[in-house]
Each structure stands twice: as structure tokens, then as C-alpha cells.
Amino acid sequence: MKKIFNYLNPFAHLGEKDYSFTLPLFTSLLISLLSELYALQIAKDPMSVGGYIIFINFATVIYFAFRSGIRGGLISTFIIILYYFYIIYDRNYTGQLFTSGIVTTLVLGSIYAAIALIIGYLKQNIDNLIEREADGKRRLEAIVDQMPVGVVITDSEGNILQTNKQFITILGRDAIKGTKIGQDTVDSITDFYHKKIPASQWPLAQALATGKSMTKKEYTLAKDNDNNTYLQVSASVIRNKVGKTIAAVSVVSDITQLKEIDKRKDEFINMASHELKTPLTSLRLYIDSLLKNRGSDQVKTLKSIKLQTEKLQQLIADLLDVSRIQTGKMIFSMDKFDINDLIKETIKDMQKTTTKHNIKFKNKGSLMVKADRLRINQVLTNLITNAIKFAPLGGNINILTKKTSGKITIAVQDQGIGITKDQLQKIFERLYQVSDAQEKTYPGLGMGLYISKEIIKRHNGKIWVESKIGKGSTFYFTLPLKN
Ligand code: ADP
């Protein structure tokens, strides 16, 4: 029943452009048939019902022009005129009656047609307007939805009209449509002193209250798992031509990563200063002692000076590499060489730096690769240095190579402190160091793995790590094999 009512209700079809002709055709025929039945069967005098029928026909034409456009109105008009001609024929009008019948039919037909044209035209124009409006709205919604920042749009009262996908991703929840900004009881947004910001002071609420734009305010969003999300929020009201506020919009960006990089840079500058200062201080002390005790123990002191200078050199070389990676200026010179030879050479050098660790490698003949020998040596040195550094109690360090289809996998396995699951990916990031209280005791700037990853990536290889806290870590990297 409801369906039929909806189908017939002309207002329910505005904007739909449903200009079908079956409905006006058959319904107009039915109305004419019923009119005829009424005139012949029910009304006592068939001639006296003309007024009613004309009234009904006016209504029919108006209805169909509004329901089905110009075409609907004209079809209805056509059926009605046919019916009028049928009446003239059926009632055997002659003479004066016949002439006035024809004239009346033509006059009424013209009026019906004019009504059908005017109302049908209006209806079709309304349809076009509604469609254009709906298309514009849909387009805007789609654009807002695809934006890389979170967006909330409210009406002039602050009732939420729309949010986008990114907003839900950033905030971890959707704002309920229809709720009013400023009355939201969830006050999870805090400022940098972790003071809760009441919803009434959120930028959107403030923009609406003051009419002023709020630009790039920074907040922290305390999530359940302690990991803070840093937000940058801007809000402003939208006014119409006469300056009346019609809506308000707020843009929310997640700046957590930027904040983290900022923090890491600060830490890096701090640590780099320390790392550079330590060997320099030692150097000064050695030089002082050389100057004081000229002659005695010179070789030992000079060896220490050499070691500290090498440390400084290494640090500066790493800094240069990081900057080369950043600027895309790391250059490789590819050569064919035996990776097993290189591993043995590197182990020989590295074993000299430790007495607590035993670096083992089972030689498996020769394995030719095409790569930058110096750079691969750098990766191996970095991995073995870390294996030594992060296994302070000593133990075995095993180097393994495995040949699989088209590539070779090299593994450096230690029995050290291990790495937690959530740090496994991060340690390859630029300037990343695991920084819990215990780890602080290990020197380093978090450059080595970042550089190694870039080197391996540029060789079309992969680098990754498997680790168990307290048991040790195994770093793997692959290189394409060259026969
Ligand atoms: P760093 O100069 O700090 O050693 P790296 O980029 O070489 O820089 O390493 C980044 C971080 O990864 C280290 O600070 C350390 O926390 C972790 N790490 C690297 N290698 C190991 C390992 N073999 N065992 C445990 N942790 C490691």
C-alpha cells in the first residue's frame, strides 16, 4: 500500500527524471472509462456531469504533468481529447450542439496542453536543479572523503554534518552525526602539558563561538595504548554572501611522525655531540701525555691516538653516508667478487676488536656476486660490530651463507640482548635507536642499519632481522648471485 502511495505521490519523484508514459497513458484511459461509466450508469442525466468531468480532467493533466513531466501531461491531454470526441460521436450531436462540442473540445484541449507544457516544464526544471544540487553535494562529499587530512563539517549551530575517512582513522572513532560540537563528553584531546581540553574549547567550537579562524593548533590525543598521537587542528567558519555563518569546518592532521622525527633529530644532535666529544677528549689527553713524557711509551699512546682518530673518521663517514642517502648521492661501483672471501677478510679484521666473542664462518667454497665490494664490507662490518656491541657478555657470532635460486642470503647471528617485536622494523629507520633505560648504555647514533638497508636496497636485495629478547638476534640480507 505504502509502495503504491509512494509511486503515485508526485513529490516523492522530484529529481528522479521519471518521465515514463505508461502511467499517464493507462491511468488517463482508466479515468476516462470511469467518467463514462459514471455518466451513463450512475448519474441520472448524462449531460449534467460535464462540469465534474472537466474538473477531474484538469486535475488529471496537472497531476501527470507534475508526476511525469511534459510528456505525461500531453499524453493525458491526448487521451482526454479522444474521450471528448468519443462523447460527441457517441451522443450523436448534430447541428449547433455538434459545433459547440467540437469548439469546446478544442478550447479545453488547448488549455490542457498549455497546462501540461507549463507544469511539465517547471517539473523538469526542478528535476534538473535537484540533480545538479545532488551531484554537486556528492562530488564534494567524495572529495572530502578522499582528502589526506581529517575533516569535520558542522552546520552553523555546530551540529556535525559530515566527517571523512581520514578523520576516523586519526581520531580512532567517528564523531556521531547530528551531535553538537562542544557538548561532546569525550575529552580525550589534551594540550602539550597533558591538560585536558574541554570540548567547548576545541578549535571548531571556538571558531563557531568567536567567528575567528583557528589555525594550526597542536594537541595530543591520548590513545588507550599510551602511544600519543599528535594533532594539528585548524578550524574556521564558512559564511554566505551576506556574511552569515552557514557552516564550520575543521581540518585535523596527524603530525605524530613529524614530531617523532623532530624529537629524534634533537636526540641525534645531543648524542652526536657526545660521540664526537668523547674521542676528541681522549685524543687531547693522549697528545698531552705525549708532550709531557716525550720518548716513553710513545708507540702505545700513538696507537690509542690512531684508534680514536679512526672512530672519529668512522663517525664522520657515517654522517656523510646518511647525508648522501638523503640527497640521493650515494654512488656504487659494481664488481664481480667472491662473497665468501670478503666475509673471511671482514671476520679477520673484526675478530681483532674482541676477545670475548668468537666469530665463526664455515667456508663453503666460492660464491660469486656482483656488488660494490666496499659497501658490502661496510654492511658486514656494521652487522658484526652490532653483534659484538649488543652481546656484552660475549659468545659465538655465526656467519652463514645460503644459496637459493638466483640469490644468496647472508646471516649474522649473535647471542646478545635481542630486540623487542615492536622495534624490529624501526631499527632500520634513520637515526633510530632502541632507547629504553638499559639500552642507553650502548654507544651509537642509529645510523648503521639505516645505511646498510639503503646499500642492500640499492643492490636489489633485502635486509631483515629475527630476534628473541635475551636470546639473541639474527640479521639477514640477500644479494643477487652472479655466475
Ligand atoms: P647504532 O649505531 O645505534 O648501533 P644501528 O643502526 O647499527 O645504530 O642500530 C640501531 C639500533 O638497533 C641499535 O641502537 C640497537 O638498539 C638495535 N640493534 C642493532 N643490532 C642489534 C643486535 N645485534 N642486537 C640487539 N640490538 C641491535
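Residues numbered from 1 in each chain as written. Predicted model: local features only at pLDDT ≥ 70, side-chain atom pairs only at ≥ 80, totals over all residues. Heavy atoms only, no water.

Student: What exactly am I supposed to notice about the site of the ligand here?
Tutor: In the vicinity of the ligand lie 20 residues, with N386, K389, D414, Q433 and L449 positioned nearest. K389 places a polar side-chain atom, nitrogen or oxygen, 3.0 Å from an oxygen atom of the ligand. Between the ligand and G446, the relevant distance is 3.1 Å, taken from an oxygen atom to a main-chain nitrogen or oxygen of the residue. The protein chains hide 96% of the 530 Å² of surface that the ligand would expose on its own. Looking at the shell around the ligand, the elements with two or more residues in it are α10 (373-389), α11 (448-458) and β13 (472-480). Here the element with the most residues in the shell around the ligand is α10; it accounts for 3 residues. Among the residues forming the shell around the ligand, the class breakdown is 9 nonpolar, 8 polar and 3 charged. (Near = heavy atom within 4 Å. Polar contact = N/O pair within 3.5 Å; in protein donor to acceptor, adjacent residues only side chain to side chain. Areas by Shrake-Rupley, 256 points an atom, 1.4 Å probe, with all protein chains shown as cover. Helix = DSSP H or I, 4+ residues; strand = E, 2+ residues; numbered from the N terminus. Nonpolar A, V, L, I, M, F, W, Y, C, P; charged D, E, K, R; others polar.)

Student: Sorry, what's going on with the sheet that holds strand β10 (residues 395-404) here?
Tutor: Whenever strands of a sheet pair, they do so through backbone hydrogen bonds, lying parallel or antiparallel. If you trace the 5 strands from one edge of the open sheet to the other, you get β8-β10-β11-β13-β12, paired in mixed fashion. Each edge of the sheet is formed by a strand with only one pairing partner; in this case those strands are β8 (357-361) and β12 (463-468). For this sheet the average axis-to-axis angle between neighbouring strands, irrespective of direction, equals 15°. Strand direction decides the pairing type here: β12 and β13, joined by 6 bridges, are antiparallel. Across the sheet, the residue bridging to S467 is S473, located in β13. Seen against the sheet, α10 touches β8, β10, β11 (407-413) and β13 and runs at an angle of roughly 175° to β13. (Pairing = 2+ DSSP bridges. Axes fitted to C-alpha atoms, helices over the stretch in contact; angles between N-to-C directions. Contact = heavy atoms within 4.5 Å.)

Student: What is the right way to look at helix α4 (residues 95-146) in this model?
Tutor: Helical periodicity: at 3.6 residues per turn, an α-helix aligns residues three or four positions apart in one direction. The terminal C-alpha atoms of α4 lie 75 Å apart, and with 52 residues this matches the ideal 76 Å at 1.5 Å per residue to within 8%. Among the residues making up α4, those that are buried are G101, T105, L108, G109, Y112, I115, A116, G120, K123, D127 and V144. Tucked inside the fold, the buried residues of α4 contact α3 (50-90), β1 (150-155) and β2 (160-163). (Expected span 1.5 Å × (residues − 1). Buried < 20%, exposed > 50% of the residue type's maximum accessible area, 1.4 Å probe, protein only.)

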